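Descriptive structure summary
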Amino acid sequence: MDKLLRSQLETELITTEMVKHCSYCVMISPDPLHRTPIYCIKYSGSSTPILVNLATCLTCGDFKKCELRFEPS
């Protein structure tokens, strides 16, 4: 079980690293267990962000239009 949770957290960290450069992403919650960690202005219709999950960002795909930069940790 611990191995599964660790794998899931690692996958979420990689995905978060990809979507954080999206022009609609205002902020990402530092809590890795947060269900809707991304503050996004695309779906809110205003400058006030709404909370979305990583699946929403992957479905939207706007992060692909931004330059992907991976910084070594």
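What comes next concerns the included structure. Remember, predicted model here, so these are calculated numbers, not experimental data. (Residues numbered from 1 in each chain as written. Predicted model: local features only at pLDDT ≥ 70, side-chain atom pairs only at ≥ 80, totals over all residues. Heavy atoms only, no water.)

Re the nonpolar core
Val-19, Cys-22, Cys-25, Ile-38, Cys-40, Val-52, Leu-54, Cys-57 and Phe-63 form the largest nonpolar core, which has nine residues in total. Those elements that provide at least two residues to this core are β2 (38–40) and α2 (54–60). (Core = buried A, V, L, I, M, F, W, Y, C linked by side-chain atoms within 4.5 Å. Buried < 20%, exposed > 50% of the residue type's maximum accessible area, 1.4 Å probe, protein only. Helix = DSSP H or I, 4+ residues; strand = E, 2+ residues; numbered from the N terminus.)

Quick word on helix α1 (residues 2–19)
Between its first and last C-alpha atoms α1 spans 26 Å; for 18 residues at 1.5 Å apiece the expected length is 26 Å, and the two agree. Every buried residue of α1 is accounted for by Thr-15, Thr-16 and Val-19. Axial view of α1: buried residues confined to an arc of 100 degrees, hence all on one face. Across from the buried face of α1, at angles greater than 90 degrees, the exposed residues are Asp-2, Lys-3, Leu-13 and Ile-14. Close packing links the buried residues of α1 with β1 (25–28), β2 and α2. (Expected span 1.5 Å × (residues − 1). Arc of directions from axis to C-beta. Contact = heavy atoms within 4.5 Å.)

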